[in-house]
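Here is how the chains run, residue by residue.
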Amino acid sequence: MFTQSGGKEVSDGKRNNYDNFFVDFEATQPEGEVISIGVTCDNGAEFYSLVKPCCSKVTPFITQLTHITEKMVAEAPSANLVLEALYRWLKKQCDNMVD
C-alpha cells in the first residue's frame, strides 16, 4: 500500500522521512489547460515550471490573477516535457527520503 502522510509505509515497505508534497497548478480559463506546476516538499525542495498550452490562450484575467503572460507560456516546455521532469524530480525526492 502506498501512503504519503504520517511517515507511513511506501510501496516497497520502507518508511519515508517527510510527510507531504504540496502541489499547485495554474490553468487557463475556461478550458482549464495547465500553464504552470509548482511542488514543494517538506524538506524545502521545490519544483516549478511554466507549461506551454497546446489549445488555449492566457486571458487578461488569468494574467492578472497569476502574473503569467501569454508570452511566458509561449516559450515554456510542453506538458509532456514538464511532467517527465516532475516525475524525475519526485523520484529523486522520494529516493532521498527513504532511510
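Here, the structure is the one placed above.
Residues numbered from 1 in each chain as written. Predicted model: local features only at pLDDT ≥ 70, side-chain atom pairs only at ≥ 80, totals over all residues. Heavy atoms only, no water.

Draft legend 1. Here's a closer look at the sheet that holds strand β1 (residues 21–27). Within the open sheet, the 3 strands sit side by side as β1-β2-β3. Their pairing is antiparallel. Each edge of the open sheet is held by one strand with a lone partner, namely β1 and β3 (46–50). Within this sheet the neighbouring strands show an average axis-to-axis angle of 10 degrees, counted without direction. Sheet topology note: the strand β2 (residues 34–41)/β3 ladder contains 5 bridges and is antiparallel. Pairing of Ile-37 across the sheet is with Ser-49, part of β3. (Pairing = 2+ DSSP bridges. Helix = DSSP H or I, 4+ residues; strand = E, 2+ residues; numbered from the N terminus. Axes fitted to C-alpha atoms, helices over the stretch in contact; angles between N-to-C directions.)

Draft legend 2. Focus on the pairing of β2. Across the 8 residues of β2, 6 count as buried, placing the element largely inside the fold. Where β1 and β2 come together, 7 bridges link them in antiparallel fashion. Looking at β2, one finds that Ala-27 is bridged to Val-34. Joining the antiparallel neighbours β1 and β2 is a turn of 6 residues, in which Gly-32 adopts a positive phi near 80 degrees. The antiparallel pairing of β2 with β3 creates a hairpin that spans 4 residues between the two strands, and Gly-44 there sits at a positive phi of about 95 degrees. (Buried < 20%, exposed > 50% of the residue type's maximum accessible area, 1.4 Å probe, protein only.)

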